[in-house]
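Observations on the three-dimensional arrangement
Residues per chain are reported as follows:
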Amino acid sequence: MPVRAMCRRAIGLAWVIPALALLGVFVYLPLVQNFGFSTLTWDIYSGSQEYVGLANYRKLFDDPVFWSSFANNLWYAVLSIVFQVFGALLLAALVESLGSERWRRGLRAVYFIPSAISLTVAGLLFYFVYEPNLGLLNHVLEATGLGQLTQAWLGQESTAMFAVIAMSQWQGFGYCTLLFAVAIQRIPSELYEAASLDGVGPVRRFFHVTLPLVREMTGLMMMVTVSGAFQVFNEVMVMTSGGPNNSTQVLGTWLYRNGFVRNDFGYAAAIGTVIFVITLTIAMAQLWITRKRRVEW
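Quantities reported herein were computed from a predicted structural model and do not represent experimental measurements.

With 15 residues, helix H10 (residues 215–229) ought to run about 21 Å at 1.5 Å a step, and its terminal C-alpha atoms sit 21 Å apart, in line with that. Every buried residue of H10 is listed here: Thr218, Gly219, Met221, Met223, Thr225, Val226, Ser227 and Ala229.

Looking now at empty space enclosed by the protein. Empty space among the atoms can be located by rolling a probe the size of a water molecule over them. Applying the stated criterion across every chain, the model contains 1 cavity of 30 Å³ or more. Here the largest cavity is characterised by a volume of approximately 50 Å³. Ala92, Val95, Leu107, Arg108, Tyr111, Gly174, Thr177, Leu178 and Ala181 together form the lining of the largest cavity. Ranked by the residues each element gives to the lining of the largest cavity, the list is headed by helix H7 (residues 157–185), at 4 residues. Of the residues assigned to the lining of the largest cavity, the class counts are 6 nonpolar, 2 polar and 1 charged.

The next point concerns the pattern of salt bridges. Where charged atoms from two side chains of opposite charge approach closely, those side chains can pair. For the structure shown, the criterion picks out 5 salt bridges. A salt bridge links Lys59 to Asp264; its shortest N-O distance comes to 3.0 Å. Residue Lys59 is located in helix H2 (residues 55–61), and its partner Asp264 is located in the loop between helix H12 (251–261) and helix H13 (265–292); the two are separated by 205 residues in the primary sequence. Among the residues examined, Lys59 registers a relative accessible area of 36% and is labelled partly exposed. Asp264 gets classed as buried once you look at its relative accessible area, which sits at 18%. Look at the salt bridges and you will find they share partners, linking Glu96, Glu101, Arg104, Arg105 and Arg108 into a network.

Within the secondary structure, Ser48 is located in the loop between strand E1 (40–42) and strand E2 (49–51). The contact partners of Ser48, leaving out residues within four places of it in the chain, are Thr41, Trp42 and Asp43. A distance of 3.1 Å separates polar atoms of two side chains, one belonging to Ser48 and the other to Ser46.

As a further point, take the layout of surface pockets. The calculated volume of the largest pocket comes to roughly 490 Å³. Taken together, 18 residues line the largest pocket, and the ones lying closest to its centre are Ala93, Glu96, Ser97, Tyr192 and Thr210. Counting residues per element, the ones that place at least two in the lining of the largest pocket are helix H3 (64–96), H7, helix H8 (189–197) and helix H9 (202–213). Of the residues forming the lining of the largest pocket, the biggest block, 6 residues, is contributed by H9. The space that makes up the second largest pocket amounts to roughly 420 Å³. In this structure, the second largest pocket is lined by 20 residues; those nearest its centre are Gln84, Ser168, Gln171, Gly172 and Gly228. Sorting the residues of the lining of the second largest pocket by element identifies H3, H7, H10 and helix H11 (234–239) as the ones contributing at least two each. In terms of residue count, the dominant contributor to the lining of the second largest pocket is H7 (6 residues). Broken down by class, the residue content of the lining of the second largest pocket amounts to 10 nonpolar, 9 polar and 1 charged.

Judged by nonpolar contacts, the single largest core of 34 residues is most densely connected at Leu60, Phe66, Tyr76, Tyr130 and Met239. Among the elements of the structure, H2, H3, helix H5 (119–129), H7, H10, H11, H12 and H13 are those that each provide at least two residues to this core. Leave out the neighbours within four places in its chain, and Leu60 touches Phe66, Trp67, Tyr267, Ala270, Ile271 and Val274. Of all hydrophobic cores here, the second largest spans 18 residues; its members include Leu89, Cys176, Ile184 and Met221.

What counts, and at which threshold
Each chain has its residues counted from 1, following the order in which its sequence is written. Totals for whole chains, interfaces and linings use every residue, but because this is a predicted model, local features are given only for residues with pLDDT of at least 70 and side-chain atom pairs only at 80 or more, for both listing and counting. In computing side-chain values, all of the structure's heavy atoms are included and hydrogens and water are not. A run of H or I in DSSP counts as a helix once it spans at least four residues, and a run of E counts as a strand once it spans at least two, with each numbered from the N terminus. By this rule the span expected of a helix is its residue count minus one, scaled by 1.5 Å. The cut-offs for exposure are 20% and 50% of the maximum accessible area for each residue type, with area from a 1.4 Å probe on protein chains only; residues under the lower value are buried, those over the upper are exposed, and the others partly exposed. Only protein atoms enter the 1 Å grid, on which a cavity is a set of points fitting a 1.4 Å probe that cannot get out and a pocket is an open set with protein on both sides within 12 Å along at least 5 of 7 lines, lining residues being those with an atom within 4 Å of a point. Grid points are joined across faces, edges and corners, and a volume is the space filled by probe spheres set on the points. Note that Gly is not counted as nonpolar here; it falls among the polar residues with everything else outside the nonpolar set of Ala, Val, Leu, Ile, Met, Phe, Trp, Tyr, Cys and Pro and the charged set of Asp, Glu, Lys and Arg. One speaks of a salt bridge when a side-chain nitrogen belonging to Lys or Arg is within 4 Å of a carboxyl oxygen belonging to Asp or Glu. Any two residues whose heavy atoms approach within 4.5 Å are treated as being in contact. We define a polar contact as two N or O atoms separated by no more than 3.5 Å, with the added condition that, inside protein, one atom must be a possible hydrogen donor and the other a possible acceptor, whereas residues neighbouring each other in sequence contribute only through side-chain atom pairs. Definition of nonpolar core: a set of buried residues of the types Ala, Val, Leu, Ile, Met, Phe, Trp, Tyr and Cys, connected through side-chain atoms within 4.5 Å.

Put into C-alpha cells, the structure is as follows:
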C-alpha cells in the first residue's frame, strides 16, 4: 500500500476513533451494564445486590401489568402509523397540490405549530382539555347536543389510554406532515406533468406517482414512529401517571415505577433491556425493508 494512502487512512481513523470512543462510553457500555443490572436484585438505598440470573426476565412473563403496558405501546404504534404516517402523508399531498405557494407555506406553518410545543406542555394542556367539569372537550360536546358522550376521559380505564394517544397524535402530526411535504417537493414535476397529459386524475396521481416515490420517507417515518411508540413516557406521566388502575401504563412508565418507586432496579433494568431489543429489532427490520425497496430517479 502506498505511503500516501496509508497516511490518508490513518488520518481518517484519527477522526473516527474519538467518535467511536464516545459511542462506546456513553451508548454501548451502558447497554452492557444495564443487562448486567437486570440479573440482580438491587436496592440502591442500602446498596445491597444479589445475583438472580434470569429471574427478572421470568418475572416479566408473569407480570400482568407488563403485558398490559406492552399492549398499550402496541396501540400507540398502530394508531401512530395510521395518523402520523399515512394520515400525515395524505395531508401533505393535499397541501402540496394547492396552486398557491402562499397557501402552502401558511398551512405548513399552521400544522407544524403543535410540534413546537414540548410534550410536557402539551400533556398539561390536554389534561385541562379532558377535565370532566371545566374541560373544553366536554363543553364542546354539550354545546353541540352530544352531552350524552361527556365523561371523565382520563378517569376511566376504557378511555384514558386512547385520550393520551390522541394528544400524542395531535402533537406529532404536523411534524410528520412537514417531512412528507419535503419528500413530495423532491419528486420531479415532470412526472406529475406527464401524468396530467395522460389524463390521470389527482387520486390516481397520488397512488401511482406520489406514494411510490415517497416510499423511503414512509419507511423512515414508520421506523421512527414505531420506535418512538415503544419509548413513550412524558405524556403518560404528565396526564395519568399510569392510572387509573394501571390502565395507561406503558413500558417506560412501568420501568420508572419499578425502579424509582418500588426500588426494584434489577426488574426495571430487565424492562429496559426488553425495550431496547424491541426498538432495535424494529429499526433493523425497517432498514432492511427500506433498502430493498429504495427508489431512484
